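Architecture and fold: a report
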Amino acid sequence: MRSDNVALPVVLLTGWPAAGKSTVGRELARRLGGALIDQDTATAPLVAVVADLVGVHDLTDPRLAGPTRHARYETVTALAEDNLRVGTPVVLVAPFTEERRNLDAWNALERRLRAAGGSPLLVWLRLEPATVVHRLRARGASRDTAKVTDPAAFTAALEDTSEPVGPHFTVDGESPTGDVVQTVLAALAVPPA
(Lines give C-alpha, C1' and ligand atoms only; values in the text may rest on other atoms or scores of the structure.)
Protein backbone atom coordinates (compact mmCIF):
# COMPACT_ATOMS: atom_id res chain seq x y z
CA MET A 1 0.00 0.00 0.00
CA ARG A 2 1.24 3.50 -0.69
CA SER A 3 2.48 5.60 2.18
CA ASP A 4 -0.79 7.57 2.19
CA ASN A 5 -2.65 4.28 2.85
CA VAL A 6 -4.64 4.59 -0.36
CA ALA A 7 -5.13 1.23 -2.06
CA LEU A 8 -3.60 0.86 -5.50
CA PRO A 9 -5.73 -0.01 -8.53
CA VAL A 10 -5.73 -3.65 -9.55
CA VAL A 11 -7.64 -4.23 -12.77
CA LEU A 12 -8.41 -7.85 -13.59
CA LEU A 13 -9.35 -8.09 -17.28
CA THR A 14 -11.45 -11.08 -18.21
CA GLY A 15 -13.62 -12.13 -21.11
CA TRP A 16 -13.98 -14.80 -23.72
CA PRO A 17 -11.02 -15.71 -25.93
CA ALA A 18 -10.12 -12.86 -28.30
CA ALA A 19 -12.05 -10.32 -26.22
CA GLY A 20 -9.08 -7.97 -26.42
CA LYS A 21 -7.80 -8.58 -22.88
CA SER A 22 -4.10 -8.31 -23.77
CA THR A 23 -4.55 -5.29 -26.05
CA VAL A 24 -6.63 -3.40 -23.50
CA GLY A 25 -4.32 -4.54 -20.71
CA ARG A 26 -1.22 -3.07 -22.37
CA GLU A 27 -2.82 0.32 -22.88
CA LEU A 28 -4.42 0.35 -19.44
CA ALA A 29 -1.11 -0.51 -17.73
CA ARG A 30 0.60 2.25 -19.70
CA ARG A 31 -2.04 4.79 -18.68
CA LEU A 32 -1.94 3.72 -15.01
CA GLY A 33 1.85 3.56 -14.89
CA GLY A 34 1.31 0.03 -13.69
CA ALA A 35 2.65 -3.47 -14.14
CA LEU A 36 1.07 -5.57 -16.86
CA ILE A 37 0.81 -9.20 -15.80
CA ASP A 38 -0.53 -11.23 -18.70
CA GLN A 39 -1.05 -14.87 -17.78
CA ASP A 40 -0.07 -16.08 -21.25
CA THR A 41 3.20 -14.15 -21.19
CA ALA A 42 4.05 -15.04 -17.59
CA THR A 43 3.32 -18.75 -17.83
CA ALA A 44 3.49 -19.79 -21.51
CA PRO A 45 7.06 -21.15 -21.49
CA LEU A 46 6.37 -23.52 -18.60
CA VAL A 47 2.93 -24.48 -19.91
CA ALA A 48 4.59 -25.35 -23.24
CA VAL A 49 6.89 -27.78 -21.43
CA VAL A 50 3.92 -29.47 -19.75
CA ALA A 51 1.99 -29.45 -23.03
CA ASP A 52 4.83 -31.27 -24.77
CA LEU A 53 5.04 -33.79 -21.92
CA VAL A 54 1.31 -34.62 -22.06
CA GLY A 55 1.01 -34.24 -25.83
CA VAL A 56 -1.83 -31.70 -25.70
CA HIS A 57 -1.65 -28.04 -26.73
CA ASP A 58 -5.24 -26.86 -26.19
CA LEU A 59 -5.24 -25.02 -22.86
CA THR A 60 -8.86 -26.02 -22.25
CA ASP A 61 -8.11 -29.73 -22.54
CA PRO A 62 -8.36 -31.23 -19.02
CA ARG A 63 -5.08 -33.11 -19.55
CA LEU A 64 -3.29 -29.76 -19.78
CA ALA A 65 -5.58 -27.49 -17.78
CA GLY A 66 -5.66 -29.88 -14.83
CA PRO A 67 -1.95 -29.95 -14.06
CA THR A 68 -1.29 -26.27 -14.90
CA ARG A 69 -4.30 -24.18 -13.85
CA HIS A 70 -3.45 -23.68 -10.18
CA ALA A 71 0.21 -22.93 -10.91
CA ARG A 72 -0.66 -20.44 -13.65
CA TYR A 73 -3.03 -18.45 -11.46
CA GLU A 74 -0.73 -18.66 -8.44
CA THR A 75 2.07 -17.20 -10.60
CA VAL A 76 0.09 -14.17 -11.78
CA THR A 77 -1.41 -13.56 -8.34
CA ALA A 78 1.99 -13.69 -6.62
CA LEU A 79 3.43 -11.31 -9.23
CA ALA A 80 0.53 -8.92 -8.62
CA GLU A 81 1.05 -9.08 -4.85
CA ASP A 82 4.77 -8.32 -5.22
CA ASN A 83 4.08 -5.32 -7.44
CA LEU A 84 1.41 -3.96 -5.11
CA ARG A 85 3.73 -4.28 -2.12
CA VAL A 86 6.29 -2.03 -3.81
CA GLY A 87 3.65 0.55 -4.72
CA THR A 88 2.90 -0.34 -8.33
CA PRO A 89 -0.66 -0.50 -9.72
CA VAL A 90 -1.39 -3.76 -11.52
CA VAL A 91 -3.32 -4.90 -14.59
CA LEU A 92 -3.92 -8.65 -14.63
CA VAL A 93 -4.91 -10.33 -17.90
CA ALA A 94 -6.35 -13.84 -17.70
CA PRO A 95 -9.62 -15.68 -18.29
CA PHE A 96 -10.28 -15.94 -14.52
CA THR A 97 -12.78 -18.66 -15.39
CA GLU A 98 -13.06 -20.15 -11.89
CA GLU A 99 -13.16 -16.71 -10.30
CA ARG A 100 -15.95 -15.67 -12.68
CA ARG A 101 -18.05 -18.75 -11.93
CA ASN A 102 -17.38 -19.24 -8.23
CA LEU A 103 -17.96 -16.42 -5.78
CA ASP A 104 -15.78 -18.09 -3.13
CA ALA A 105 -12.86 -18.25 -5.58
CA TRP A 106 -13.34 -14.57 -6.44
CA ASN A 107 -13.53 -13.59 -2.77
CA ALA A 108 -10.30 -15.48 -2.00
CA LEU A 109 -8.46 -13.72 -4.83
CA GLU A 110 -9.87 -10.34 -3.87
CA ARG A 111 -8.75 -10.82 -0.23
CA ARG A 112 -5.20 -11.61 -1.33
CA LEU A 113 -4.99 -8.55 -3.56
CA ARG A 114 -6.45 -6.29 -0.87
CA ALA A 115 -4.02 -7.66 1.73
CA ALA A 116 -1.17 -6.67 -0.62
CA GLY A 117 -2.48 -3.10 -0.84
CA GLY A 118 -4.72 -3.30 -3.89
CA SER A 119 -8.24 -2.25 -4.73
CA PRO A 120 -9.40 -4.91 -7.23
CA LEU A 121 -11.82 -4.28 -10.06
CA LEU A 122 -12.88 -7.25 -12.17
CA VAL A 123 -13.62 -6.04 -15.71
CA TRP A 124 -15.68 -8.23 -18.04
CA LEU A 125 -15.00 -7.44 -21.72
CA ARG A 126 -18.30 -8.40 -23.32
CA LEU A 127 -18.43 -9.51 -26.97
CA GLU A 128 -20.93 -11.09 -29.29
CA PRO A 129 -20.08 -14.74 -30.02
CA ALA A 130 -19.81 -14.04 -33.77
CA THR A 131 -17.18 -11.39 -33.04
CA VAL A 132 -15.22 -13.89 -30.94
CA VAL A 133 -15.09 -16.37 -33.83
CA HIS A 134 -14.11 -13.62 -36.29
CA ARG A 135 -11.30 -12.41 -34.01
CA LEU A 136 -10.05 -15.95 -33.35
CA ARG A 137 -9.83 -16.62 -37.08
CA ALA A 138 -8.04 -13.31 -37.65
CA ARG A 139 -5.60 -14.04 -34.82
CA GLY A 140 -4.74 -17.41 -36.36
CA ALA A 141 -3.10 -18.80 -33.22
CA SER A 142 -2.58 -22.55 -33.06
CA ARG A 143 -4.19 -22.59 -29.60
CA ASP A 144 -7.45 -21.47 -31.25
CA THR A 145 -7.63 -24.17 -33.95
CA ALA A 146 -10.09 -26.37 -32.07
CA LYS A 147 -12.28 -23.36 -31.31
CA VAL A 148 -12.71 -22.30 -34.95
CA THR A 149 -12.99 -25.82 -36.36
CA ASP A 150 -16.55 -26.09 -35.02
CA PRO A 151 -17.64 -22.51 -34.33
CA ALA A 152 -21.24 -23.47 -33.50
CA ALA A 153 -20.15 -25.83 -30.72
CA PHE A 154 -17.58 -23.33 -29.48
CA THR A 155 -20.05 -20.42 -29.32
CA ALA A 156 -22.65 -22.64 -27.63
CA ALA A 157 -20.08 -23.40 -24.94
CA LEU A 158 -19.36 -19.67 -24.60
CA GLU A 159 -22.95 -19.03 -23.68
CA ASP A 160 -22.44 -21.27 -20.63
CA THR A 161 -19.59 -19.07 -19.40
CA SER A 162 -21.16 -15.65 -19.40
CA GLU A 163 -20.58 -12.69 -17.12
CA PRO A 164 -19.01 -13.14 -13.69
CA VAL A 165 -21.32 -14.10 -10.82
CA GLY A 166 -19.64 -11.71 -8.39
CA PRO A 167 -19.00 -7.99 -8.41
CA HIS A 168 -17.65 -6.81 -11.73
CA PHE A 169 -17.70 -3.98 -14.24
CA THR A 170 -18.92 -4.79 -17.76
CA VAL A 171 -17.41 -3.02 -20.77
CA ASP A 172 -18.37 -3.36 -24.42
CA GLY A 173 -15.35 -5.21 -25.81
CA GLU A 174 -16.45 -4.38 -29.35
CA SER A 175 -15.65 -0.70 -28.77
CA PRO A 176 -12.28 0.70 -29.86
CA THR A 177 -9.45 0.00 -27.40
CA GLY A 178 -9.11 3.66 -26.44
CA ASP A 179 -12.79 3.86 -25.55
CA VAL A 180 -12.59 0.67 -23.48
CA VAL A 181 -9.55 2.01 -21.60
CA GLN A 182 -11.27 5.36 -20.95
CA THR A 183 -14.34 3.56 -19.61
CA VAL A 184 -12.23 1.49 -17.21
CA LEU A 185 -10.23 4.53 -16.09
CA ALA A 186 -13.49 6.38 -15.41
CA ALA A 187 -14.66 3.44 -13.27
CA LEU A 188 -11.39 3.72 -11.33
CA ALA A 189 -11.85 7.51 -11.11
CA VAL A 190 -8.48 8.07 -12.80
CA PRO A 191 -8.28 11.43 -14.61
CA PRO A 192 -7.83 11.27 -18.40
CA ALA A 193 -4.36 11.87 -19.83
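In short, a report on the structure. (Residues numbered from 1 in each chain as written. Predicted model: local features only at pLDDT ≥ 70, side-chain atom pairs only at ≥ 80, totals over all residues. Heavy atoms only, no water.)

A word on the sheet that holds strand E5 (residues 169–172). In spatial order, the strands read E2-E3-E1-E4-E5; together these 5 strands make up an open sheet with parallel pairing. Edge positions in the sheet fall to strand E2 (35–38) and E5, since each of these pairs with one other strand and no more. Geometrically, the sheet is characterised by an average inter-axis angle of 25° between neighbouring strands, direction not taken into account. Direction of pairing for strand E1 (residues 8–15) relative to strand E4 (residues 118–126): parallel, over a ladder of 8 bridges. Bridge pairing links leucine 8 to glycine 118 in E4. With respect to the sheet, helix H5 (residues 103–115) is in contact with E1, strand E3 (90–93) and E4, its orientation differing from that of E4 by roughly 135°. (Pairing = 2+ DSSP bridges. Helix = DSSP H or I, 4+ residues; strand = E, 2+ residues; numbered from the N terminus. Axes fitted to C-alpha atoms, helices over the stretch in contact; angles between N-to-C directions. Contact = heavy atoms within 4.5 Å.)

Attention now moves to helix H1 (residues 21–32). Here H1 contains 12 residues, and its C-alpha end-to-end distance of 16 Å stays within 8% of the 16 Å for a straight helix at 1.5 Å per residue. Those residues of H1 that sit buried are Lys21, Val24, Gly25, Leu28, Ala29 and Leu32. All buried residues of H1 fall inside an arc of 130° around its axis, so they share one side. Buried residues along H1 sit against E1, E2, E3, E4 and helix H9 (177–188). With its phi angle positive at about 65°, glycine 33 sits one or two positions after the end of H1. (Expected span 1.5 Å × (residues − 1). Buried < 20%, exposed > 50% of the residue type's maximum accessible area, 1.4 Å probe, protein only. Arc of directions from axis to C-beta.)

Assignment of secondary structure puts arginine 72 in helix H3 (residues 62–85). In this structure the side chain of arginine 72 is engaged in a polar contact, spanning 3.2 Å, whose partner is the side chain of aspartate 40. Excluding anything up to four places from it in sequence, arginine 72 contacts Gln39, Asp40, Thr43, Val47 and Leu59. (Polar contact = N/O pair within 3.5 Å; in protein donor to acceptor, adjacent residues only side chain to side chain.)

Another point: the packing of aromatic side chains. For any pair of aromatic rings, the description consists of the separation of the ring centres together with the inter-plane angle of the planes. All told, the structure shown has 2 aromatic pairs when counted by the stated rule. A centroid spacing of 6.0 Å and a plane angle of 85° characterise the contact between tryptophan 16 and tryptophan 124, whose relative ring orientation is edge-to-face. Separated by 108 residues along the polypeptide, tryptophan 16 in the loop between E1 and H1 and tryptophan 124 in strand E4 bring together distant segments of the chain. In this pair, the class of tryptophan 16 matches that of tryptophan 124, namely buried. Positioned above the aromatic ring of tyrosine 73, the side-chain terminus of arginine 69 is 3.8 Å from the ring centre. (Phe/Tyr/Trp six-rings, centres within 6.5 Å; stacked < 30°, edge-to-face > 60°. Lys NZ or Arg CZ within 6 Å of the ring centre and 35° of its normal.)

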